[in-house]
Amino acid sequence: MKPPNVGKWGKHKHMVKDELLQEYLPKTRVYSPEELWEYAEEFTHVMLKPSGGGGGAGIIQVTARGEEKFLVHSGSRQRLVEGKEATIRYVESLFRPKTYLLQPRIPLGRINGKPFDVRVMIQRRSNKEPWLITGWCAKLAGPGYVVTNVARSRGKVLPVGTAIKLSNIEAGPHLLRDIRMVATAVANRLGRAYPTLREIGLDLGIDMDGKPWIIEANFRPSLSLFQKLEDQSFYKRIVSMRKR
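Below, the structure is looked at part by part. This one's a predicted model, so the numbers in the text were calculated from it and none came from an experiment.

1. Quick word on the pattern of salt bridges
And then number 1: Applying the stated criterion across every chain yields a total of eleven salt bridges.
And then number 2: A salt bridge links Lys139 to Asp117, with the nearest nitrogen and oxygen atoms 3.4 Å apart. Note that Lys139 is positioned in strand 9 (residues 132–140) and Asp117 in strand 8 (residues 114–123), a separation of 22 residues in sequence. Of the two residues, Lys139 and Asp117, both sit in the buried class.
And then number 3: Here the salt bridges share partners, and the residues they tie into one network are Asp117, Arg119, Lys139 and Asp203.

This is the structure:
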């Protein structure tokens with residue numbers, strides 16, 4: 001059974017209705033130039049994401065540098081642009097022909113200056129059975145990238161516990177429990193919205209205070225991340241769930 005084809009905005013509109021999840025969702029709006037300037041003034045660092053697609057493709061970071069100067073970061077490229085009109089022209093020239101969303105940049109935990117996030121796999125055999133967390137790993141961005149997609153940024157995959165220990169995160173004793181709680185709540189909410197859904201690859205950012213933030217819920221997650229781990233138990237468990 002094919003997973004539903006839904007963009008980030010559609011998923012966000014379902015998740016934001018959940019009172020528990022509201023605390024873990026970045027403030028999200030559909031892009032317009034007016035909204036971009038409002039975000040830049042309020043947050044300084046703004047992420048622009050295509051609603052469709054995945055794998056970190058098309059993500060742009062805009063940082064306000066004062067006196068109407070803006071640093072635009074796309075992939076490993078950075079360009080300082082002067083003036084709002086010139087910035088809009090340049091940013092929109094980078095757009096893929098899709099709806100874009102605006103979010104404040106999450107101050108992700110870092111390892112040796114490089115950001116990382118956590119991929120959590122959540123699966124179920126049918127819409128009458130409970131969701132199970134079947135694996136998780138950390139994705140570390142490659143040098144010069146603001147996205148943690150491993151293939152795109154030439155980054156690394158690490159065990160979650162290892163990443164947290166190596167990072168600058170102030171991780172409390174409840175961090176792993178909070179990750180599980182948020183992941184399960186996301187699966188329950190989206191599973192009710194999309195009854196044919198059987199698995200979610202949830203990307204969670206962990207800020208420097210040790211709080212998880214929902215980045216993206218992938219309905220067609222690749223298993224290649226888990227194949228890169230030395231311990232293959234997560235990979236085998238995920239594949240086993242897919243076969244049933």
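2. A closer look at the nonpolar core
The nonpolar side chains of a soluble globular protein tend to be buried, and buried together.
And then number 1: Core analysis: the largest hydrophobic core is formed by 36 residues, its most contacted members being Val120, Ile122, Val186, Leu190, Ile200, Leu202 and Ile214.
And then number 2: Of all elements in the fold, only strand 8, strand 9, helix 5 (160–166), helix 6 (175–193), strand 11 (199–206) and strand 12 (212–218) reach the threshold of two or more residues within this core.
And then number 3: Setting aside anything within four residues of it in sequence, one finds Ile122 in contact with Trp131, Leu132, Ile133, Ala183, Ala187, Arg198, Glu199, Ile200 and Leu202.

3. Notes on the packing of helix 1 (residues 8–15) against helix 6
Describing two packed helices takes the angle between their axes plus the distance from one axis to the other.
And then number 1: Where helix 1 meets helix 6, the axes come as close as 9 Å, and the angle between the chain directions of the two elements is 110°. With respect to their mutual orientation, helix 1 and helix 6 come out roughly perpendicular. Contacts from Lys11, His14 and Met15 in helix 1 reach Val186, Arg189, Leu190 and Ala193 in helix 6.
And then number 2: Class assignment for the residues of the contact of helix 1 with helix 6 results in four nonpolar, one polar and two charged.

Each value, and the rule that gives it
Residues numbered from 1 in each chain as written. Predicted model: local features only at pLDDT ≥ 70, side-chain atom pairs only at ≥ 80, totals over all residues. Heavy atoms only, no water. Salt bridge = Lys/Arg side-chain N within 4 Å of Asp/Glu carboxyl O. Helix = DSSP H or I, 4+ residues; strand = E, 2+ residues; numbered from the N terminus. Buried < 20%, exposed > 50% of the residue type's maximum accessible area, 1.4 Å probe, protein only. Core = buried A, V, L, I, M, F, W, Y, C linked by side-chain atoms within 4.5 Å. Contact = heavy atoms within 4.5 Å. Axes fitted to C-alpha atoms, helices over the stretch in contact; angles between N-to-C directions. Parallel < 35°, antiparallel > 145°, perpendicular 65-115°, else oblique. Nonpolar A, V, L, I, M, F, W, Y, C, P; charged D, E, K, R; others polar.

None of this, on its own, says anything about what the molecule does.
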